[in-house]
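Per-entry structural report
Residues per chain, in single letters:
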Amino acid sequence: MTLPAPFPPLVAGADGLDRYPGDTAALAARMAQIYGVAADHVLPVRGLTHGLELVWRLAARDAGSVEAPDAEPYAGLSRIYRASTGETVATIVRALGSAEAVAEMAARVSPGLLVVDEGLVEFADAPSAAALIGDHANLVCLRSLSLAYGLAGARVGAALAQPQTLARLSEVVELYALPEPLVRLAMQALDPSRMIETAERIAGVRRERERLVREIGRLMVVEPGVGPIIMARPSDIETTLADLARFGVAADRSGDRLRLPVSLKPEVNDRLLAALGLAVGKTPAHRTGQAVRDTKETRIVCAVDLDATAPIRIETGVGFFDHMLEQVAAHGGFSLRLQCEGDLHTDPHHTIEDSAIALGQALKQALGERRGIARYGFVLAMDEAQANVTIDLSGRPYPVFEGEFSTPYIGEYRTDLTAHVFRSLAEHLGAAVHISVKGSDDHHKTEAVYKGFGRALRQAIRIEGDAVPSTKGVL
């Protein structure tokens, strides 16, 4: 059946879902870019379990009848045997740790398949075995978007192998294996606009994992996992499980070991340490905010941390605007990651406007109730240019911009959009932002405005106590 449904479903975001799924060539091409392999070396699948299932199907088809002695499907190493002769037709391993180990095992198990589970490779120190696919026709690497890209519930991944091997696997793939919504979610998660923040999230989890290993290692034997997991061996596993449960910390038992979760949020990991009876200084929760903005013109992810000064990374495709946003963050004293894929082939207008909207939304989320903030800020001179910037983080948007620019462009940046940027910021941040600028050099005037806004914002977001700075008691 390939005819469309007679009408679209009554669900939000259902455009195109009245038609049967198309091929996954675009997803395979994007995955190939992410994983550093050729597009014909990628077969999109429904996560690791589906990839393993395809290996079983292929082995059963080629060998007639197969079995595996390991009861645990995710054991460190398992083999699929030809039932009639005991010949190994596929070997499945979690990780091999080095290129030499992969090459040695691939040669040893040939002509049987060597299937490497790389579902957590983004969190690991060892390089991916995918780099060796070109040298070993029997090598299959299974990747997943579950944890590194936050799509555990969507079930999307990939099998990486030489084209002839993928052709064999494709023969046992069921019809419409990847529903259209899963393909869409995967394409969004792998969009270039997501890469900065995804990399920062993975790095943050790794930093927290190292901290937890160090602290928990003072109490019990710890085996660092390769993902957001720590394997620990408590002396009394039942008591430890009970202690964790009292603090609301989930843990899985694996024999005499516990699989302990690692969160991106330090305060969550502190609760894990407290449940184990480890006295650590309480990590203050940072004021963080994130905005994801997807339109027909732009795709943006913006994240801020008002209580950290780094990292600052901006990629909008408009070089001067990137520099200006860097000035806002650097002079504002906060971390900013913003990445945008916009329709620059038409004009930078949408990229600049939507980036300002996303920044305002992220800042508003980070400020929360605005409890304890200084609320007001003002400044800035830059050579002959003078910018006066006043801010009131009142929750009420009111933009005022006074100033003119005679130069239409600075690089690809349209100077007439400067007022538009700060109007968008004021409206989506929820603030009164009054700016006036004068001078003779439009570059200096523009830079003074952005720097001045950063300095004024720095003053306004500064924590001075714990009360809401308003006689109303709310902002």
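In the block above lies the structure referred to throughout.
Residues numbered from 1 in each chain as written. Predicted model: local features only at pLDDT ≥ 70, side-chain atom pairs only at ≥ 80, totals over all residues. Heavy atoms only, no water.

1. Section: the overall build of the chain
As a reminder, the rule being used: Helix and strand assignments follow DSSP, with helices taken as H or I runs no shorter than four residues and strands as E runs no shorter than two, numbered in order from the N terminus. Accessibility here uses a 1.4 Å probe with only protein chains present; expressed as a share of the type maximum, an area under 20% marks a residue as buried, one over 50% as exposed, and anything in between as partly exposed. With residues, only the protein chains shown are counted as cover, and all accessible areas are computed by Shrake-Rupley using a 1.4 Å probe. As used throughout, the charge tally considers Lys and Arg to be positive and Asp and Glu to be negative, leaving His and the chain termini uncounted. To locate a charge, take atom NZ for lysine, CZ for arginine, CG for aspartate or CD for glutamate.
Across its full length, the chain holds 12 helices and 22 strands. With respect to the three principal axes, the spread of C-alpha positions in the chain is 85 × 60 × 45 Å. Burial status across the chain gives 47% buried among its 475 residues. Accessible surface, the chain: about 22,100 Å² in total, of which carbon and sulfur atoms supply 53%. Here the chain carries 49 positive and 60 negative side-chain charges, and the mean point of each set is 5 Å from the other.

2. Some remarks on the sheet that holds strand E14 (residues 312–315)
Convention followed: By this definition, two strands are paired if DSSP reports at least two bridges between them. Whenever a helix is involved, its axis is fitted only over the stretch in contact; in every case the axis is a line through C-alpha atoms, and angles between N-to-C directions fall within 0 to 180 degrees. The criterion used for residue contact is that any of the two residues' heavy atoms lie within 4.5 Å.
Pairing is mixed in the open sheet, where 4 strands are placed in the order E12-E13-E15-E14. Because the sheet does not close on itself, it has two edges, and the strands there are strand E12 (288–294) and E14. Going from strand to strand, the sheet's axes swing by 5 degrees on average, the running direction of each strand aside. The sheet contact formed by E12 and strand E13 (residues 298–305) spans 7 bridges and is antiparallel. Bridging across to E13, aspartate 294 finds its partner in arginine 299. Against the sheet, helix H6 (residues 195–216) engages E12, E13, E14 and strand E15 (335–342), with an angle of about 145 degrees to E15. Contacts from helix H9 (residues 319–332) reach E14 and E15, with the element oriented near 155 degrees to E14.

3. Topic: the layout of surface pockets
Where empty space is left becomes clear once a probe the size of a water molecule has been rolled over the atoms. Stated formally: Put plainly, a pocket is an open set of points on a 1 Å grid over the protein atoms alone with protein on both sides within 12 Å along at least five of seven lines, a cavity is a set where a 1.4 Å probe fits but cannot get out, and a lining residue has an atom within 4 Å of a point. Grid points are joined across faces, edges and corners, and a volume is the space filled by probe spheres set on the points. Any residue that is not Ala, Val, Leu, Ile, Met, Phe, Trp, Tyr, Cys, Pro, Asp, Glu, Lys or Arg is counted as polar, Gly included; the first ten are nonpolar and the last four charged.
Considered as a void within the structure, the second largest pocket measures approximately 740 Å³ in volume. If you go around the second largest pocket, you meet 25 residues; those closest to its centre are Leu264, Pro266, Thr288, Asp305 and Arg337. Of all the secondary structure elements, the ones that give two or more residues to the lining of the second largest pocket are H6, helix H8 (266–275), E12, E13 and E15. In terms of residue count, the dominant contributor to the lining of the second largest pocket is H6 (6 residues). Looking at the lining of the second largest pocket residue by residue, the class counts come to 8 nonpolar, 8 polar and 9 charged.

4. Looking at the packing of helix H11 (residues 418–429) against helix H12 (residues 442–461)
Under the convention used in this document: Angles below 35 degrees are treated as roughly parallel, those above 145 as roughly antiparallel, those between 65 and 115 as roughly perpendicular, and all remaining angles as oblique. Crossings are classed by handedness, with left-handed meaning an anticlockwise turn of the near helix from the far one by less than a right angle and right-handed meaning a clockwise turn.
Contact geometry of H11 with H12 gives a least axis separation of 11 Å together with a crossing angle of 20 degrees. It follows that H11 is roughly parallel to H12 by the angle criterion. When the axes of H11 and H12 are compared, the crossing they make is right-handed. Contacts between H11 and H12 involve Thr418, Val421, Phe422, Leu425 and Leu429 on the former and, on the latter, Thr446, Val449, Tyr450, Phe453 and Leu457. Of the residues that constitute the contact of H11 with H12, the class distribution is 8 nonpolar, 2 polar and no charged.

5. Some points on the environment of aspartate 135
Mapped onto the elements, aspartate 135 comes out in the loop between strand E5 (113–117) and strand E6 (139–144). Overall, aspartate 135 belongs to the exposed group, its relative accessible area being 59%. Separated by 190 residues in sequence, aspartate 135 and leucine 325 have C-alpha atoms that sit 45 Å apart.

6. Brief notes about unusual backbone geometry
Residue proline 111 follows serine 110 across a cis peptide bond; omega there is 10 degrees. Looking at where proline 111 falls in the secondary structure, it is placed in the loop between helix H3 (99–109) and E5. Note that the residue after alanine 310, namely proline 311, is joined by a cis bond; omega there is 0 degrees. On the secondary structure map, proline 311 appears in the loop between E13 and E14. Notably, tyrosine 176 is not glycine yet its phi reads approximately 55 degrees, a positive angle. With respect to the helices and strands, tyrosine 176 occurs in the loop between helix H4 (163–170) and helix H5 (180–189). A relative accessible area of 32% means that tyrosine 176 is categorised as partly exposed.

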